[in-house]
Amino acid sequence: MDKITDKGLVKNCSYIDGQWHTSDKRFSVTNPATGETIAQVANASVNDAEQAVIAAHKTFASWSGQTANHRAKLLRNWLNLIIEHQDDLARLLTLEQGKPLAEARGEIGYGAGFIEWFAEEAKRVYGETIPAASQDKRLLVLKQPVGVVSAITPWNFPNAMITRKAAAALAAGCTFIVKPAEMTPLSALALAELAERAGIPAGVFNVVVSDDAVNIGKVLTQHPQIAKFTFTGSTQVGKKLAAQCALGVKKVSLELGGNAPFIVFDDADIDAAVKGAIASKYRNAGQTCICTNRIFVQRNVVEKFTKQYSMAVAELAVGNGLDVDTQIGPLISSQAAEKVKQLVDSSVAQGANIALGGDFSNAGACFYQPTILTEVSNTMPVAQNEIFGPVSAIIPFDSEAEVIEAANDTEYGLAAYFYARDIGRIWRVSEGLAFGMVGVNDSAISNVAAPFGGVKQSGYGREGSRHGLDDYLVIKYLSMGI
Ligand code: ADP
């Protein structure tokens with residue numbers, strides 16, 4: 001915390017209706033790299049969450065009544081302040097989440113990009129006119145903001161998962177309440193401080209921090225004044241929250257878990273595939289929902305790929321994210337590291353071979369070694385579950401049809417990647433993979449201009465791109481007699 005230059009960014013309580021709400025009850029925020037407590041944060045109550053909803057509801061009429069240009073101006077102020085404080089925000093993020101500082105800086109830039117994108121995009125929310133069936137009528141379609149939006153966000157992107165939702169909501173004219181993950185509330189509160197400095201009016205952007213996710217979650221999914229709920233997190237929790245929203249027929253978007261296949265065909269550029277696999281597997285120590293989970297390699301190139309890949313992964317530097325050389329930081333908690341160990345151990349018991357790593361790292365209680373398992377089959381625990389850790393599972397395959405079937409043999413459908421050169425194969429595989437996003441000879445698919453989202457039990461709705469605003473808008477049809 002000492003090196004954060006603007007101490008005003010370090011907040012320890014909820015931001016509701018433009019006020020900082022403290023409380024006697026507190027919970028601790030821990031640095032996963034060291035185990036040190038870095039902050040004691042005031043624990044918001046159910047009543048605080050309700051106050052946030054009431055404030056957002058009260059403010060909705062004035063905020064949605066502004067022009068898109070006016071809202072864009074305020075969003076731009078927010079964006080500029082975020083970029084101005086990028087270093088401080090990145091350091092705060094690494095302290096509470098653990099990812100390497102360079103990745104944290106990248107996340108702040110990526111997160112800010114959504115604010116820029118939606119501030120611009122909301123100026124282009126076009127309606128329609130429809131040719132009427134009779135001469136005495138005119139038919140029109142308006143797009144209007146849905147109303148008060150609530151959000152629950154995860155710890156793996158403590159900044160960008162909030163801006164990706166809030167920027168679209170605010171730009172569209174909605175007011176917003178977010179409950180960030182209890183492990184990473186500080187990045188969310190710093191965003192609130194900067195929103196206030198940017199002149200975003202009280203009640204428009206509210207942050208409720210609490211470790212009572214269940215009860216705050218009930219308010220954010222069931223309060224009658226909330227029109228829309230948006231969630232990023234696990235499939236298990238997302239299903240529960242969607243069911244809670246169903247009672248009030250709220251509009252819902254869900255970005256849930258993934259089990260991304262990464263397929264290397266025998267005509268692939270193997271050097272590019274190795275680089276791509278490392279980038280998509282080891283970002284954030286394997287803790288993103290679009291991280292590669294299963295690496296399928298065609299049998300006649302499996303030896304070549306595995307050798308090159310193992311040499312490159314062995315070079316990855318593990319350590320505290322604040323050290324400039326670190327490429328792999330800690331996992332979010334020691335329980336998360338334990339879960340990864342269990343997935344590896346149970347897969348080894350079923351015949352997987354450890355080619356690299358395979359145990360906890362001595363860097364600290366939350367660290368696991370960058371690991372490669374070979375001779376994995378698609379039915380092993382490491383292939384069936386979202387690993388969320390620095391473990392690569394290499395599965396050999398023979399034919400195109402076989403690998404498409406195996407890749408799709410999961411309840412998830414978020415991201416998939418494949419490397420190939422044959423144009424016919426590229427089309428067939430792109431169309432055959434049952435995933436919302438497919439990287440073709442590309443592993444860095446996230447981009448503010450592109451629609452992020454999944455199919456099957458990875459959720460519904462899209463974030464970013466021109467489609468991202470739709471989740472925050474409703475269509476109203478006018479039939480006018482003249
Ligand atoms: P992860 O596996 O990324 O921790 P979770 O789905 O457990 O994913 O958590 C994502 C977000 O959901 C966090 O903000 C967490 O506090 C919240 N959360 C977890 N369980 C519940 C619940 N039962 N009700 C509401 N929110 C929850």
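Given the structure is predicted, the values throughout are model-derived calculations rather than measurements. (Residues numbered from 1 in each chain as written. Predicted model: local features only at pLDDT ≥ 70, side-chain atom pairs only at ≥ 80, totals over all residues. Heavy atoms only, no water.)

Participant: Tell me what's going on with the pattern of salt bridges, and back it up with residues and numbers.
Facilitator: Two side chains that carry opposite charge are able to pair once their charged atoms sit near each other. Scanning all chains against the criterion turns up 20 salt bridges. Between R105 and D87 there is a salt bridge; the shortest N-O distance is 2.6 Å. One end of the pair, R105, is in helix α4 (residues 101–121); the other, D87, is in helix α3 (residues 86–97), and 18 residues separate them in sequence. K179 is the salt-bridge partner of E182, the closest N and O atoms lying 3.5 Å from each other. Given a relative accessible area of 2%, K179 falls into the buried group. Put simply, D266, D267, E400, R425 and R428 are held in one network by salt bridges that share partners. (Salt bridge = Lys/Arg side-chain N within 4 Å of Asp/Glu carboxyl O. Helix = DSSP H or I, 4+ residues; strand = E, 2+ residues; numbered from the N terminus. Buried < 20%, exposed > 50% of the residue type's maximum accessible area, 1.4 Å probe, protein only.)

Participant: Pulling in residues and values, what's your account of unusual backbone geometry?
Facilitator: For residues other than glycine, phi is negative in most cases, and the peptide bonds are mostly trans. The phi torsion at A285 lies on the positive side, around 55°, for a residue other than glycine. Among the residues examined, A285 registers a relative accessible area of 1% and is labelled buried. The phi torsion at S465 lies on the positive side, around 70°, for a residue other than glycine. Position of S465 relative to the elements: it lies in the loop between β19 (459–460) and β20 (473–481). Among the residues examined, S465 registers a relative accessible area of 2% and is labelled buried.

Participant: Can you lay out the side chain of N31 for me, pointing to particular residues and giving the numbers?
Facilitator: Tracing the backbone through its elements, the reader meets N31 in the loop between β3 (26–30) and β4 (37–42). On the basis of relative accessible area, N31 is assigned to the buried category, the value being 3%. Engagement of the side chain of N31 in a polar contact is seen with the backbone nitrogen of A33, the distance being 2.8 Å. Excluding residues that lie within four positions of it along the chain, N31 makes contacts with E36, I38 and L95. (Polar contact = N/O pair within 3.5 Å; in protein donor to acceptor, adjacent residues only side chain to side chain. Contact = heavy atoms within 4.5 Å.)

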